[in-house]
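If you want the building blocks of each chain, they are given just below.
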Amino acid sequence: MTPSHDVMTYDVVVVGGGHAGCEAAAASAQMGAHTLLITMDMNKIAQMSCNPAVGGIAKGQIVREIDALGGHMGQVTDATSIQFRMLNRSKGPAMWSPRAQCDRGKFIWQWRSVLDHTEGLDIYQDQVEELLTDQGRVTGVRTMWGITIHARCVVVTAGTFLNGLMHIGRKKVPGGRVAEPAVTQFTESITRLGIRSARMKTGTPVRIDKRSVHFEDMEIQEGEHDFHQFSFMGNKSALKALTCWTCYTNPDVHRILTAALPDSPLYNGQIESIGPRYCPSIETKLVTFPDRDQHLLFLEPEGEDTNEMYLNGYSSSMPAEVQIAALKKIPALRDVRVYRPGYAIEYDFFDPTQLTHSLESKLVDGLFFAGQVNGTTGYEEAGGQGLVAGVNAALHCAGKERFVMHRDESYIGVLIDDLVTKGVDEPYRMFTSRAEYRILLRQDDADTRLTERAYQMGLATRQRYDWWREKEEEIARIIQFCQDTPVKAAEINSHLEALGTTPLRAGCKVIDLIGRPQINLQVLCELIPGMKETLHHAANRQEEINEAAEIRMKYKGYVDRERMIADKMHRLEDIRIKGRFDYPQINQLSTEARQKLVRIDPETLAQASRIPGVSPSDINVLLVMLGR
């Protein structure tokens, strides 16, 4: 495409090439909409502005959901992973969360390849300065070079670039990311339409030259090398697996940082906006936890071919010389050299309560928002929103019903419902605790929840759908074998006692044994005739299939009970609770919930569930009490 001052026309224009923008543009095009992605730098598409890692607690589940729906973050991550770990393995499978360290540079180019090969998607390098509307409807955008691009829908995924202002000590520099310009005027073209904006803050740590690190003074953190990965299909990374490292701050570090707090923009009034509660700067940790004499730090590689490393846990906007002087008090970093100091950034976001659950503006027809402009933080939260916004922009153009996921359907559904129902007063980060149906929203079954719906909608490919159907058939075959195969007490009791579990009094079926914590399918492989053949039948991803089948059998009672509660929650609008509870006396409720429920005294349980400060677990308490 050769740009000129002549008008270009598309169905959907996506503004911003970050994680939300990439998923939005790809999803829109895959749905059949003629789509344009506008980005300021085609060489920094899907840039990992902070940590070069994907996933983590609850975030990993979101990436699995993106993949199950037909998005690309999972496959891009798998292709560029240099370390993979499944977090929370000591807990139940509802808490298991995949996380991968990635090669930052290769991640960008892998995403660029995906977009370059997406039919119906164009990329254009420019900066959008103005949103164009007519009588409450989007008509397109105008760029800094005066080029007008007409569109039926616009998806805004501008990240931290809208009036971005970076801080290091008392120095302030406009920018959307280090060495990249801020976007001015675009926010104002949106707020003129009656859409409210506000400011948020985030930050990123120092980058370190690994040649200056004394690794002998650090603890090594190896990755895992089993079958787990992010995408439900595709291949594991061919890149070299690398280790991460850990160390701690100490009182000498804290003294230097604390003495310099008057020069911290967080504490001298220079920054007034609120930063992320769950990813605080090192100076915030010192102020919040003054009695702690050390804080854990993770030193993580940025790629397989670079000396650059990321110091996770040391986000800061202190003066550069203070950051470095404090780091040199850590034994492993006594000779540290840095590529660049940490910095904070303030930026505009738009109140997400002004959106519908399809992420479309309630005020402007055809205008969608996704990612950090909605007040979230994290690549994964951005990617999930981007996919939903891109799909719904395409559906809008086709005149079709919007795509919305409920809270019992996906973490992405929880995320969006929280945003549009409760709003945000700080950067929103997903946690498993935000979801009341964690057992239904496991990382292992995202495809079971979402792939068929995505295929019917036209987002997931036939290949992905067939891959999922094959997996489901294999899982069903394993479960059927366990349901049908008898076990004689005399033949297995000695093995059960050796495993530390109670012997049988009478025969049973294999499935009856799987519920025991000491028993798994691999153990039974050696004890049950035919089991080994049953577990080595599939051509693809057999280990993943076996694990999924075992989880379904082992936790079936929990899953069925949570599904029953979820089905009841869909009928909450009809359940009247006004005057039925003495909230101050219900100790199972959080203190905040008791206070908010007394003050508001909601008419229905549905209304109660939407009150900020009343958590999903609080609603479940009331639901159980109603059941009594």
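Residues numbered from 1 in each chain as written. Predicted model: local features only at pLDDT ≥ 70, side-chain atom pairs only at ≥ 80, totals over all residues. Heavy atoms only, no water.

Chemist: Which residues make up the packing of aromatic side chains, and what are the values?
Modeler: Summed over all chains, the structure comprises eight aromatic pairs. Aromatic side chains Y455 and Y465 sit 4.2 Å apart centroid to centroid with 15 degrees between the ring planes, which places their arrangement in the stacked category. With Y455 in helix α11 (residues 446-457) and Y465 in helix α12 (residues 462-484), this pair connects stretches of sequence that are ten residues apart. You can call Y465 buried: its relative accessible area is 14%. Following the ring pairs from residue to residue traces out a cluster consisting of Y455, Y465 and W468. When the ring centre of F289 is taken as reference, the NZ or CZ atom of R292 above it lies at 5.9 Å. The aromatic ring of Y428 is capped on one face by R434, whose charged end is 4.1 Å from the ring centroid. (Phe/Tyr/Trp six-rings, centres within 6.5 Å; stacked < 30°, edge-to-face > 60°. Helix = DSSP H or I, 4+ residues; strand = E, 2+ residues; numbered from the N terminus. Buried < 20%, exposed > 50% of the residue type's maximum accessible area, 1.4 Å probe, protein only. Lys NZ or Arg CZ within 6 Å of the ring centre and 35° of its normal.)

Chemist: Describe the pairing of strand β18 (residues 343-350), naming the residues involved and giving the relevant values.
Modeler: Where burial is concerned, most of β18 is hidden: eight out of the eight residues are buried. Of the two faces of β18, the one lined by Y343, I345, Y347 and F349 and the one lined by A344, E346, D348 and F350 are each fully buried. Bridging between strand β10 (residues 165-168) and β18 involves three bridges; their strand directions are antiparallel. Of the residues in β18, the one forming a bridge with M166 is I345. With eight bridges connecting them, strand β12 (residues 197-209) and β18 associate as antiparallel partners. What sits directly across from T204, in β18, is Y343. (Pairing = 2+ DSSP bridges.)

Chemist: Give me the packing of helix α2 (residues 59-69) against helix α3 (residues 73-80): which residues, what numbers.
Modeler: The geometry of α2 relative to α3 is characterised by a closest axis approach of 7 Å and an angle of 115 degrees between their N-to-C directions. Taken together, the axis directions place α2 and α3 in an arrangement best described as roughly perpendicular. Facing V63, I66 and D67 of α2, the residues of α3 in contact are M73, G74 and Q75. Taken together, the residues that form the contact of α2 with α3 break down as three nonpolar, two polar and one charged. (Axes fitted to C-alpha atoms, helices over the stretch in contact; angles between N-to-C directions. Parallel < 35°, antiparallel > 145°, perpendicular 65-115°, else oblique. Contact = heavy atoms within 4.5 Å. Nonpolar A, V, L, I, M, F, W, Y, C, P; charged D, E, K, R; others polar.)

Chemist: So what's going on with the environment of K471? Which residues, and what values?
Modeler: Inspection of the secondary structure assignment puts K471 in helix α12. You can call K471 buried: its relative accessible area is 4%. Here the alpha-carbon distance between K471 and W96, two residues 375 residues apart in the chain, equals 20 Å. Excluding residues within four positions of it along the chain, K471 makes contact with F232, D444, D447, E544, I545 and A548. For K471, the side chain forms a polar contact with the side chain of D447, separated by 3.0 Å. Separated by 3.4 Å, the side chains of K471 and E544 make a polar contact. (Polar contact = N/O pair within 3.5 Å; in protein donor to acceptor, adjacent residues only side chain to side chain.)

Chemist: Please give an account of the confidence of the model for the protein chain that cites residues and values.
Modeler: On average, residues of the protein chain carry a pLDDT of 94, and 98% of them reach 70 or more. Strand β19 (residues 367-369) holds the highest mean pLDDT among the elements of the protein chain, 99, whereas helix α20 (residues 605-609) holds the lowest, 80. Below a pLDDT of 50 lies the segment residues 1-5, which in the model reaches twelve contacts outside its immediate sequence neighbourhood of four places, other chains included. (pLDDT = per-residue confidence, 0-100.)

Chemist: Kindly report on the sheet that holds strand β3 (residues 53-55), identifying the contributing residues and their values.
Modeler: Read from one edge to the other, the open sheet built from three strands follows the order β3-β5-β4, with strand pairing classed as antiparallel. The open sheet has two edge strands with one neighbour each: β3 and β4 (81-87). The sheet shows a mean angle of 15 degrees between the axes of neighbouring strands, taken without regard to direction. Pairing between β4 and strand β5 (residues 97-102): six bridges, direction antiparallel. Bridge assignment links S81 to a residue of β5, and that residue is C102. Here α3 sits on the sheet and contacts β3, β4 and β5; the angle it forms with β4, its principal contact strand, is near 120 degrees.

Chemist: Mind laying out the nonpolar core, listing which residues take part and the relevant values?
Modeler: Ranked by internal contacts, the top residues of the largest apolar core, which has 126 residues, are V13, I149 and V154. For this core, the element with the most residues is helix α9 (residues 379-398), which contributes ten residues. Counting 26 residues, the second largest nonpolar core, distinct from the first, contains A489, C525, M531 and A549. (Core = buried A, V, L, I, M, F, W, Y, C linked by side-chain atoms within 4.5 Å.)

Chemist: So what's going on with the environment of T501? Which residues, and what values?
Modeler: Among the secondary structure elements, T501 is positioned in the loop between α13 (489-498) and β21 (508-509). Assessed through its relative accessible area of 9%, T501 is described here as buried. As a C-alpha pair, T501 and I519 span 18 residues in sequence and 8.4 Å in three-dimensional space. Once residues lying within four places of it in the same chain are set aside, the contact partners of T501 are L496, R516, Q518 and I519. A distance of 3.5 Å separates the side chain of T501 from the side chain of Q518, its partner in a polar contact.

Chemist: If you had to explain helix α17 (residues 542-554) to someone new, which residues and values would you point to?
Modeler: Look at α17: 18 Å from first C-alpha to last across 13 residues, which is about the 18 Å you get at 1.5 Å a residue. Along α17, eleven of the 13 residues are buried, which leaves the element largely enclosed by surrounding structure. Within the sequence span of α17, burial applies to Q542, E544, I545, N546, E547, A548, A549, E550, I551, M553 and K554. (Expected span 1.5 Å × (residues − 1).)

Chemist: Tell me what's going on with the pattern of salt bridges, and back it up with residues and numbers.
Modeler: Overall, the coordinates contain 46 salt bridges when judged by the stated rule. A salt bridge links R196 to D351; the shortest N-O distance between them is 2.6 Å. In this pair, R196 sits in the loop between α5 (186-191) and β12 while D351 sits in the loop between β18 and β19, placing the two residues 155 residues apart along the sequence. When salt bridges that share partners are traced, they join R64, D447, K471, R541 and E544 into one network. (Salt bridge = Lys/Arg side-chain N within 4 Å of Asp/Glu carboxyl O.)

Chemist: Account for unusual backbone geometry, naming residues and giving values.
Modeler: The backbone phi angle of A46 is positive, close to 55 degrees, even though this residue is not glycine. The residue A46 is located in the loop between β2 (35-39) and β3 in this model. For N88, which is not glycine, the phi torsion reads 65 degrees and is therefore positive. Tracing the backbone through its elements, the reader meets N88 in the loop between β4 and β5. Classification of N88 by relative accessible area gives partly exposed; the value is 21%.

Chemist: Which residues make up the packing of α11 against α12, and what values do they have?
Modeler: Packed helices, taken two at a time, are described by the angle between their axes plus the distance between the axes. It is the contact of α11 with α12, at a shortest axis distance of 10 Å, that shows an interaxial angle of 140 degrees. The element α11 and its partner α12 pack so that their crossing is left-handed. Of the residues in α12, those touching α11 at D447, T448, T451, E452 and Y455 are R462, R464, Y465, W468, K471 and E472. Taken together, the residues of the contact of α11 with α12 sort by class into three nonpolar, two polar and six charged. (Left-handed = near helix turned anticlockwise from the far one by under 90°.)

Chemist: Account for the side chain of D408, with residues named and values stated.
Modeler: Checked against the element boundaries, D408 lands in the loop between α9 and α10 (411-422). Here the side chain of D408 touches R563 through a polar contact of 2.8 Å, side chain to side chain. Those residues in contact with D408 that lie beyond four places of it in its chain are Y437, L440, L441, R563, A566 and H570.

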